[in-house]
Amino acid sequence: MRMTVISILKNTVGTADEPPDQGKEYIKMANSLGTSVTTKKLEMKPVPLLVVMISFEPDGDDGRQICSTTKEYWYEQFFGDNGLTLKNYYKEMSGGKFYFSPVDVNGSDVKGVIHVTLHCKHPDLLQQENPDKRTGAALYVVAEALKACEPYVDFAALDKDGDGFLSADELHYVLVHAGFDYSGGKETTPELRYGVFANSGRLPDEEDAQGFPGAHSPRVGGVKLCAASKGSYTLIGEYRKTQYGFLPHPLGTTAHELGHAIGFHDIYDYDRQVKGWPLPMMFSVMCNGCYGLIRPKDKSERMPIMGTCPTHLDPLQKIRSGFTEAQLAEGDGEYSLYSILSGKYNILRINTPDPAEYFLLENRQIEGFDSGLYRRRVIKSDDGKVHYEIENYERGGMLVWHIDKDIFDEFSGIKRTNGSGLWNGDGETQRETRHNPGVVIDYKNGYDENGLMKDDGVFLQGFPDDPFYRAGETFNSNEFISAATHTKSLNSFPDGIDENKYNLKIEVLEDTGSELKIRVSQTY
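Residues numbered from 1 in each chain as written. Predicted model: local features only at pLDDT ≥ 70, side-chain atom pairs only at ≥ 80, totals over all residues. Heavy atoms only, no water.

**Let's talk about the overall build of the chain**
Thinking step 1. The helix and strand inventory of the chain stands at nine helices and 21 strands.
Thinking step 2. Out of the 524 residues in the chain, the part that is buried amounts to 61%.
Thinking step 3. About 19900 Å² of surface is accessible on the chain, with carbon and sulfur atoms providing 45% of the total. (Helix = DSSP H or I, 4+ residues; strand = E, 2+ residues; numbered from the N terminus. Buried < 20%, exposed > 50% of the residue type's maximum accessible area, 1.4 Å probe, protein only. Areas by Shrake-Rupley, 256 points an atom, 1.4 Å probe, with all protein chains shown as cover.)

If you want it as C-alpha cells, here you go:
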C-alpha cells in the first residue's frame, strides 16, 4: 500500500491484518523514479474512473489466468449509490464534494467497467522469469492493459487541457488483475495460480523501466496515459484470501490505493523496528483504517471480511486535500466539535509555540464509514493459544491529533512518514537517530512512559480499549511523551520556551454525540 512504480514484490508480503513490510529494492527504485508526492489540494468535483478487468491468455497454459468476477460486481463496489461503496466513501469524507464517477465507455454493457484479455503471461510469472527486471515486467503489463482499452474509451476527449497527457485530474484507472492479491498471503489454488500486490504507481514517460521492452507510458488515442509526471494507476488483485477462503477483493484496499493516486501518504511504520511505535492505526485509511469492518451485534452471525468498511482519512490529509478546512482556535476558550454526519463536521486547530507543531481536534463518532472502527481483544485459550477478537467501538468522542509538519513533509510518502526513522529514503543507508512520527493520535490512556503504545495484555497493542475523550474527561498534553525525543507535550521547543512550563488542556464539557462542547487552555 504505497505510491510507487513497484508493483508485485513477493518478498514484501504482509498478512491480511496489517500492511506489508518494505524491501530495499522497492524503496530505492521508487525514489529513483520520483514517485513520492505531496498531499495537494484537489478540485472538488466528480473525477472520471475507468475500471479495467484484465485476463491473461498466452499461447500456452503457463501464465494463463482468467477473470471470474463480473463487471456488475465492480460497478456496484465502486459506483453504487447504496451502502458501503467507493462513491459513498469519498462523498462522505468530502462532504459530498468529491468522488469517482464511471467514465463513458463504448462496447460495454456496464458503465465505467470493461474487461480486456491480454495475450501475454500473467505478470507474476513474467517477474519470475525476469528476476532482474521485475519492475519492468510488471509495468509492461500495465502498459499493455492500457493499450487494450483503446476501443472502449475516447481518451482524447478526456484531455481537457489539450496537453497530450491524461492527468490525475482528468482520469483515474483501477486495474483488476485476474488472480489473487498477495496482501492476503502467498497461498495459491488450482484456479488462482498467480498474484499481484495492490499498489498505486506511474509509468516512465519514454524510457522503458529496467530496459524491459514496452514498460513505459503508452500513447493511446493520441494521448499519453499514466506518464510519471502526470497521472497514475491503481492496481489490485481480483481476489483476496480471507477467513472464508478467496473472495473478491473488498473495498478498503482500493480506497487506500486511490488515496495515493490523488495525493495521500501512508502513515504507518514501514520499518517496524520498535514495538508499539505510535501510529494512527484504525483512525486513518492510510494506516490500518483500510481494514475496517462492521461486526454484527449478534456474534453468532458471520463476521464480515476486513476492508468492507474502510474508516475515514486522518484530519491532516483531509485539510491538505481540500476535503475540509481547519478552524483555528483563537486563544483559550470554549468551542464545539461536530461529528462527520452532523452536517457541520469541523476540525479545530490549536497552534503551539513551535510553528511546525500543532494539534487537530475532531469529533469521531461511530457513524457512517467510521462504523468500521474497532479494537482487538486478546483471547487466551486454556491450552495457551492466543487469538484476537474484533469489537467495534460502541461510542466515539474527541480525538486529539499531534501534528509535526516538518517531520511529515520531510519523511512523506516513500520516505517513511511515521516510521521509526532508521531507514533513509534510498533504502540503503541508515539514519543515526529516530524521528518522531509526523501524525500521531494522543489516545486517552494509550501510551507508556516512553511514548510507545501501551500493551495492557487485554487489547492488542495499537487497538486501545477506549481512545476517546468524552464529557467530564480532560486531555492533558503533559501526559504524553514524544517517542524519539522523550520530551513532554511536543517534539521540540523554541528557544525561550520551557518544556516544564508548557501545557495544553482540553476539557470536554458536554457530549451529545453529534456535538462536543470543549474548553481549551494553553500555558507556557
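Moving on from the coordinates now.
**Points about the sheet that holds strand S17 (residues 397-404)**
Thinking step 1. The sheet built from five strands is open, its strands ordered S11-S13-S14-S17-S18 with mixed pairing. Looking at the sheet topology across the chains shown, the edges are occupied by strand S11 (326-328) and strand S18 (439-441). Within the sheet, the average angular offset between the axes of one strand and its neighbour, ignoring direction, is 30 degrees. (Pairing = 2+ DSSP bridges. Axes fitted to C-alpha atoms, helices over the stretch in contact; angles between N-to-C directions.)

**A few points about the layout of surface pockets**
Thinking step 1. Space inside the second largest pocket adds up to approximately 310 Å³.
Thinking step 2. Around the second largest pocket sit 13 residues that line it, and Arg295, Lys297, Glu391, Asn392 and Glu394 are the ones nearest its centre.
Thinking step 3. For the lining of the second largest pocket, the leading source of residues is strand S16 (residues 386-392), giving three residues.
Thinking step 4. For the lining of the second largest pocket, the class distribution of residues is five nonpolar, two polar and six charged. (1 Å grid on protein atoms, 1.4 Å probe; cavity = no way out; pocket = protein on both sides within 12 Å on 5 of 7 lines; lining within 4 Å. Points joined across faces, edges and corners; volume = space filled by probe spheres on them. Nonpolar A, V, L, I, M, F, W, Y, C, P; charged D, E, K, R; others polar.)

**Examining the pairing of S16**
In the case of a regular strand, side chains alternate between the two sheet surfaces.
Thinking step 1. Bridge analysis of strand S15 (residues 374-380) against S16 gives seven bridges, and the strand direction is antiparallel. Bridged to Arg375 within S16 is Glu391.
Thinking step 2. The antiparallel pairing of S15 with S16 creates a hairpin that spans five residues between the two strands, and Gly384 there sits at a positive phi of about 90 degrees.

Geometric descriptors of this kind do not, in isolation, establish any biological role.
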